[in-house]
Amino acid sequence: MKHPPPAPAPPGHLASPYVPAPRAGEMHDWSGRRYVVGQPARELAGTGRAVQAARAVAAVAAIGSLQFGYGAAIPLLVAAHGWSPAAALLPFAVWALVQGGSAWPIARLRERGLLPPARAIVIGALLCAAALATLGFDGGPAWALAGYGLAGGLGAGLVYHSSVHTVAAWYPERPAAPAAWAGAGFALGAAPLAAGLALADPAHLAAAPWLGAATAVVVAAAGAGLRTPPQHWWPPETDPRDWALRRRDEPVACYDHSPAQAWRSGALPGLHAVVALAGAAALLDVAVLPMLLVERGLPPAAVAAALAVLVASSGLGRAAAGRCGERLGRRRVLVVALAAGGAAQFGLVAAALAGSPAVLVLMAVPAGVGGGCCYPLTRTLARDFFGSRDSADIPGLVYSAKALAGLLGVGGAAFLVALAPNAGPALCLAAAGLAGLGAAAVAARLRRPVPIRTLPL
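Residues numbered from 1 in each chain as written. Predicted model: local features only at pLDDT ≥ 70, side-chain atom pairs only at ≥ 80, totals over all residues. Heavy atoms only, no water.

- Under an unreviewed UniProt entry, the name given to the protein is MFS transporter, and the source organism is Streptomonospora wellingtoniae.
- According to its UniProt record, the protein has this under Subcellular location (unreviewed entry): "Cell membrane". (UniProt positions renumbered as here; feature names shortened; annotations may be inferred.)

See below:
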């Protein structure tokens, strides 16, 4: 006797497991999340989603020099323009404040359809070019504050946040690894320039406008072709119901939190503290380590090698964070990396004071990994804790703590260097070690928010 086939589920309800998944249409999983199983990426964007991800990574890689190259350029700015080291640090502090603080406003504008990623990246390319051009002219620190700090910070924020969002939107079934590669490109693209600046002469700053023009061309060319999928889009080759029910070490959030619910849970303030402390340590490395090595009289080749290893380790740490987090647990990997990076800061100080290039390069590896892996892991933890289908601006809120990191790290470094010119750089790296260890301690206490519902008595 043949049984009749099961009746199709009503619209908006979970279909029977004995009914094949439709190739198009809106579906809900066991927790009520919406999935719009739509057209393939090639029909929506004209290219495969791997091409869209590669465009975003290229755009991010081209602007990485604004963060990772500035510290290496500080000795050149001091020699070429006659600025004090503390004054040379201030534009970078403003840059980090604006670049990190713009994450949430950009996410809100994007969610409302007012700032599509392609438009944001093209605008950001022009602002980044103007920022780099300001370093080639001796207009004084105030000129650099406006051009590099404000314009450059906003431009880098537009490019970075829009690119990372685009990559994650095209891979909703595994957003951690592709978005981590976008962050890795941010550092890896700047490693050659950071090393080259350590070998450059002050006269080479005159080429900064040409570097800005080349950066604008690459970023605009990569960003102009970016397309984003519709909201809640899901690739048709993957069944979202199977994805929602699959076993994993890091299960998805029990429901999608609003920003207010995420903040009240206590987990979002904890993630903010981790990003602020770990980001301060990473920015201190970038800003102060070149200054300390030059002051200690290390050969330019040793300075270049240390900076190249530090920046490359930051990029590779971001790339490896996603895969290691999937296998070993994201919170566990984050705690170990931050603790190792914090301890390595004291090794950097000792190696610099002792004049040991080999130990310096060795300590630069965990220091770079600890500072780099913080961002992709906290972004993914935010998705694990609070959901992502209806709370896409929460990762932007987490990243915005980098603004506080800029104030604490680079702003604090400017104060210490002005207060104690001789001992200031070493004290800054020691403070970076304390910040890294503090971030590891806070990360160890992070817990997934679990809703508690009780029956009325």
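**Some thoughts on the overall build of the protein**
Moving on, step 1. Along the backbone of the protein there are 21 helices and three strands.
Moving on, step 2. Within the protein, the proportion of its 457 residues that are buried is 54%.
Moving on, step 3. The long-range share in the protein, meaning contacts at least 24 apart out of those at least 6 apart in sequence, stands at 86%.
Moving on, step 4. Accessible surface computed for the protein: about 19000 Å², of which carbon and sulfur atoms make up 67%. (Helix = DSSP H or I, 4+ residues; strand = E, 2+ residues; numbered from the N terminus. Buried < 20%, exposed > 50% of the residue type's maximum accessible area, 1.4 Å probe, protein only. Contact = heavy atoms within 4.5 Å. Areas by Shrake-Rupley, 256 points an atom, 1.4 Å probe, with all protein chains shown as cover.)

**Some thoughts on the state of the cysteines**
Moving on, step 1. Counted by the stated rule, this structure contains zero disulfides.
Moving on, step 2. No disulfide involves Cys374; its nearest neighbouring cysteine sulfur is the one of Cys373, lying 6.9 Å away. (Disulfide = S-S within 2.5 Å.)

**Some points on the side chain of Thr166**
Moving on, step 1. Structurally, the position occupied by Thr166 is in helix α8 (residues 141-170).
Moving on, step 2. In terms of polar contacts, Thr166 uses its side chain to reach the backbone carbonyl oxygen of Ser162, at 2.8 Å.
Moving on, step 3. Not counting chain neighbours up to four residues away, the residues in contact with Thr166 comprise Pro117, Leu226, Arg227 and Thr228. (Polar contact = N/O pair within 3.5 Å; in protein donor to acceptor, adjacent residues only side chain to side chain.)

**Here's the deal with the packing of helix α16 (residues 330-354) against helix α21 (residues 424-444)**
Moving on, step 1. Orientation of α16 relative to α21, taken along the N-to-C sense of each, is 165 degrees, at an axis distance of 8 Å. On the basis of the axis angle, α16 is roughly antiparallel to α21. For the element pair α16 and α21, the recorded crossing hand is left-handed. The residues of α21 that touch α16, namely those facing Arg331, Leu334, Val335, Leu338, Ala339, Gly342, Ala343, Gln345, Phe346, Leu348 and Val349, are Ala426, Leu429, Ala430, Ala432, Gly433, Leu434, Gly436, Leu437, Ala439, Ala440, Ala443 and Ala444. (Axes fitted to C-alpha atoms, helices over the stretch in contact; angles between N-to-C directions. Parallel < 35°, antiparallel > 145°, perpendicular 65-115°, else oblique. Left-handed = near helix turned anticlockwise from the far one by under 90°.)

**Description of the packing of helix α14 (residues 267-295) against α16**
Moving on, step 1. One way to put it is that α14 packs onto α16 with a least axis distance of 12 Å and a crossing angle of 20 degrees. Taken together, the axis directions place α14 and α16 in an arrangement best described as roughly parallel. Regarding α14 and α16, the two cross each other, and that crossing is left-handed. On the side of α14, the interface is formed by Val274, Ala278, Asp285, Leu292 and Leu293, while α16 contributes Leu334, Leu338, Gln345, Leu348 and Ala352.
Moving on, step 2. Tallied by class, the residues present in the contact of α14 with α16 amount to eight nonpolar, one polar and one charged. (Nonpolar A, V, L, I, M, F, W, Y, C, P; charged D, E, K, R; others polar.)

**Remarks on a positive patch on the surface**
Moving on, step 1. Together, Arg331, Arg332, Arg445 and Arg447 line one region of the surface with positive charge.
Moving on, step 2. Topologically, Arg445 is positioned in the segment after α21. (Patch = residues over 30% accessible without salt bridge, like charges linked within 9 Å, V, L, I, M, F, W, Y side chains within 5 Å. Salt bridge = Lys/Arg side-chain N within 4 Å of Asp/Glu carboxyl O. Lys, Arg positive; Asp, Glu negative; His and termini not counted. Charge placed at Lys NZ, Arg CZ, Asp CG, Glu CD.)

**Concerning the confidence of the model for the protein**
The predicted structure's coordinates, where accompanied by low pLDDT, should not be read in detail.
Moving on, step 1. In this model, the protein carries a mean pLDDT of 85, and residues with pLDDT of at least 70 account for 87%.
Moving on, step 2. Looking over the protein, one finds the lowest element-wise mean pLDDT in strand β1 (residues 25-28), namely 66, and the highest in helix α7 (residues 117-134), namely 95.
Moving on, step 3. Counting contacts from residues 1-7, a segment whose pLDDT is below 50, to residues more than four positions away or on other chains yields two contacts.
Moving on, step 4. Across residues 14-21, where pLDDT falls below 50, the model places 13 contacts with residues more than four positions away in sequence or in other chains. (pLDDT = per-residue confidence, 0-100.)

**Quick word on the nonpolar core**
Moving on, step 1. One finds Leu89, Leu338 and Phe386 to be the most contacted residues of the largest nonpolar core, which totals 124 residues.
Moving on, step 2. With 18 residues, the single largest contributor to this core is α14. (Core = buried A, V, L, I, M, F, W, Y, C linked by side-chain atoms within 4.5 Å.)

**Some points on helix α4 (residues 70-81)**
Counting along an α-helix, one turn takes 3.6 residues, and residues three or four places apart therefore face a common direction.
Moving on, step 1. All buried positions along α4 are accounted for by Tyr70, Gly71, Ala72, Ala73, Ile74, Leu76, Leu77 and His81.
Moving on, step 2. Here the buried face of α4 lies against α3 (65-68), α5 (85-101), α8, α10 (191-198), α14 and α15 (300-328).
Moving on, step 3. The first or second residue beyond α4 is Gly82, which carries a positive phi of 75 degrees.

**Quick look at the environment of Ala352**
Moving on, step 1. Structurally, Ala352 can be placed in helix α16.
Moving on, step 2. Ala352 sits 49 residues away from Val303 along the chain, and the two C-alpha atoms are 10.0 Å apart.
Moving on, step 3. Sequence-distant contacts of Ala352, defined by excluding residues within four places in its chain, comprise Leu292, Leu293, Arg296, Leu298 and Leu360.

**Concerning the side chain of Ser162**
Moving on, step 1. Checked against the element boundaries, Ser162 lands in helix α8.
Moving on, step 2. Separated by 2.7 Å, the side chain of Ser162 and the backbone oxygen of Leu158 make a polar contact.
Moving on, step 3. Once residues lying within four places of it in the same chain are set aside, the contact partners of Ser162 are Ile106, Arg110, Pro117, Ala120, Ile121 and Gly157.

**Focus on helix α9 (residues 176-188)**
Moving on, step 1. Given a rise of 1.5 Å per residue, 13 residues ought to cover 18 Å, and the 18 Å separating the end C-alpha atoms of α9 matches this to within 8%.
Moving on, step 2. Among the 13 residues of α9, 10 are classified as buried, and the element is accordingly described as predominantly covered.
Moving on, step 3. For α9, the full list of buried residues reads Ala176, Pro178, Ala179, Ala180, Ala182, Gly183, Ala184, Gly185, Phe186 and Ala187. (Expected span 1.5 Å × (residues − 1).)

**Focus on the environment of Thr238**
Moving on, step 1. Secondary-structure assignment places Thr238 in the loop between β3 (233-234) and α12 (240-245).
Moving on, step 2. The class for Thr238 is partly exposed, based on a relative accessible area of 23%.
Moving on, step 3. Residues Thr238 and Glu173 lie 65 residues apart in sequence; the distance between their C-alpha atoms is 8.1 Å.

**Section: the packing of aromatic side chains**
Moving on, step 1. Evaluated as defined, the whole model comprises nine aromatic pairs.
Moving on, step 2. Between Tyr70 and Phe92 the ring centres are 5.3 Å apart and the planes differ by 20 degrees, which places this aromatic pair in the stacked class. On the criterion of sequence distance, the pair formed by Tyr70 in helix α4 and Phe92 in helix α5 is long-range, its members being 22 residues apart.
Moving on, step 3. Looking at Tyr70, the relative accessible area reads 1%, which means it is buried.
Moving on, step 4. By the ring-pair criterion, three or more aromatic residues cluster together here, those being Phe68, Tyr160, Phe186, Tyr375 and Tyr399. (Phe/Tyr/Trp six-rings, centres within 6.5 Å; stacked < 30°, edge-to-face > 60°.)

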